[in-house]
Structures are given as C-alpha cells and as structure tokens.
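An overview of the molecular structure
Chain residues, written in single-letter form:
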Amino acid sequence: MRYRELAARVRELLVTSVVRWPARLLVDELYYGSVVRFPEFAPSLCRSVAWGLGTFASSLTSTLKENARLALGPSASEAAVQRTAAAVLRGMQDSIRDTLLSGNECAESLRSRVTGFVGQEGYYRARAQGGGLLVASIHMGAFEPCLALLCKYERRVHVLFQPDPMPRFERARSSLRRSLGVIEHRLSDGLDAWMSLRDALEAGEAVVMHADRVMPRQQGARTQFLGVRDAILPTGPVRLALGCGAAIMPTYCRRQSGGLFVQMDEPICHGRENLRSEAVPQHPAQQRLVASMERVIRGYPDQWMAFWKVRGVSA
C-alpha cells in the first residue's frame, strides 16, 4: 500500500474512533445489537427507527425528499414525495435488518429469497463474447442475495465496496460474502483495488459495482440524470469495463410480495477504450447505463435507497 493511502487510512481510523464513537455506541450496540438479540421484535424496532429518523433527522429527510422528487419527476405532488421518502426510510431499515439477521446463511438459502429473475438471455449473450463482465447495480433491494444468485453462474465474483462505519453491520455483511466466496475490494485501497479489479476482468471474471453513488475515493462527474444536469455519478464502472473490453450488465434487485425480483437489463458492449473521467458522461456506454438506471428508478421510486445528495455534490 502506498504511503499516502496508508496515511489516509490512519486518519480515517482516528476520526472514526475519536469523533464518531458515541454514534457507534448508540447505533451499533443499542439498535443493531437489539435487532440481533431480539429478532422477533426486529420488524417493529426497524419501523420505529424509520419513523424516528423521518421525524427528527431533518437533514436526512430533506435529502430523501430531494431525491424522491428526482425519481418521481417534476409533476409529483408534495404528498407523493413525502410518501416516497418515508418508504425509502423503511426500506433502508429492512435492508439493515436482513443483513444483520442473515448470519452465516448458506448460498442456497440466500438465493431462495430471489423469487423472480429475468434477463438471463442478455447475460448469456454477453458471456458468449468472452472476456470479463462488469455487473452495474444501484442501491435497491437486497445486495447479498443477488451476489448469491450471481455466484451460481460465475466462477469468481469480485465486489468493490465501502466498509460500513458500524462494526456489527460490517461483520455481518463480510461474513455473508465469505460464505459465498465473494472476493471483497475496499475503495480505500485506491489504485491497488482498481488494479485488482482490472486483473479480474482481464481474467474473464465478474466484478460487481454500484453505479448510482460516488463514494469517498471514487471519481465522479456531472451527468444528466433523472431530468437534471448537475447529478454526480461515478465514472469508474464504465472506465474500468471499457479499459478491459468487458461487457457491462446493468442488474437490479427490488422487493416484491413473497421475495426479491432480479432484473438484468440488456448488456452494454463496446471495444477496448481508455477514457478519462471527464469524458465518461458523453460516452454512449455511460448514456446507456444512465438510461437503464433511470427506467428502473422511475418504475420503483420508493425502492431507490438514495440517502446521499445526488445533485451537485461529490462524496
């Protein structure tokens, strides 16, 4: 690891340990700990927390409403915006609860949560071309069951992720991925993570990344998205895929009655091309990926867990 990245990791740990420990104690020990210790009360507890956040966390609810307006469109009523923001809050807590209670659940058990799956034809076409596959997802549904489903078809699966600041949640999530054999790559590893993912794609393996949020240490660019010109979206997925000549497979998970529904959109295939970050928003591959994400978000706005500022702010 390079010196600057090591120094940044140390600073990050110091800030987390000294400044954020009260929040960790409250959230990780009291809330998450109660979910794990009293699973029969977890649904009620999560609903109560969602209500509390919606009532008292004004900064969070403001961001959720702003993003709900983007997802719903300019003609949406204030009542619809509020309902959507409240539904997103509940969905976030449901996702946290599911991860915490999954423990060391086996791959077959996780896959069984997926009760609907479409788009396999495009997946097989992309795989028939050879090379790696970049699975581009968004913050919707449940992530680990989708990874379990992908592991059924792929020999090796890699995921780029930002560690959660809450230790209990991060342990549960990492435990699930280890049980699946998924290979984790931290965003904080910077160039080392990028090179490892590039090597994985060059070896014909699958890499999973979120394409709707710029995380710390990721590059983003202003992109026309959901009707606005100043949305900030990550440029890494398209740059990485095109740099290796890998197909991009937009893949989405949403909740439905009785389980989860996974949808694979049409694959995005281009030749090898080295792109600078600022050139990504105008590239046809990124424009197709954006259009695909927009269709799903517009179709299920109350399931898009966008709790960050989409417009004009890079994480």
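Criteria and thresholds
Residues numbered from 1 in each chain as written. Predicted model: local features only at pLDDT ≥ 70, side-chain atom pairs only at ≥ 80, totals over all residues. Heavy atoms only, no water. Helix = DSSP H or I, 4+ residues; strand = E, 2+ residues; numbered from the N terminus. Rg over C-alpha atoms; globule rule 2.2 N^0.38 Å. Buried < 20%, exposed > 50% of the residue type's maximum accessible area, 1.4 Å probe, protein only. Areas by Shrake-Rupley, 256 points an atom, 1.4 Å probe, with all protein chains shown as cover. Lys, Arg positive; Asp, Glu negative; His and termini not counted. Charge placed at Lys NZ, Arg CZ, Asp CG, Glu CD. Pairing = 2+ DSSP bridges. Axes fitted to C-alpha atoms, helices over the stretch in contact; angles between N-to-C directions. Contact = heavy atoms within 4.5 Å. pLDDT = per-residue confidence, 0-100.

Moving on to the overall build of the protein. A count of helical and extended segments in the protein gives twelve helices and nine strands. On C-alpha atoms alone, the protein measures out to a radius of gyration of 19 Å, which is about the 20 Å that the 2.2 N^0.38 rule sets for 315 residues. Here the C-alpha coordinates of the protein stretch approximately 50 × 45 × 40 Å along the principal axes. Looking at the protein residue by residue over its 315 residues, the buried ones come to 51%. Of the roughly 15000 Å² of accessible surface on the protein, 54% is carried by carbon and sulfur atoms. Distance between charge centroids for the protein: 3 Å, based on 41 positive and 30 negative side chains.

Before going further, it helps to examine the sheet that holds strand S4 (residues 183–186). Strand order in the open sheet formed by seven strands is S1-S9-S8-S2-S5-S3-S4, and the pairing between neighbours is mixed. Across the chains shown, the open sheet's two edge strands, defined by having one partner strand only, are strand S1 (114–118) and S4. Strand-to-strand twist across the sheet, computed as the mean angle between neighbouring axes with direction ignored, equals 25°. Here strand S2 (residues 133–137) pairs with strand S5 (residues 206–210) via five bridges, running parallel. Bridge pairing in S5 places Ala-136 opposite Met-209. Together, strand S3 (157–161) and S4 form the strand contacts of helix H9 (residues 167–180), whose direction differs from that of S3 by roughly 165°.

For the rest of this paragraph, the subject is the confidence of the model for the protein. Summing up the model confidence of the protein, the mean pLDDT is 90 and the portion of residues at 70 or higher is 92%. Averaged pLDDT values for the elements of the protein fall to 51 in helix H1 (residues 3–19) and rise to 98 in S2. The model gives residues 13–19 a pLDDT under 50, and that stretch makes four contacts with residues more than four places away or in other chains.

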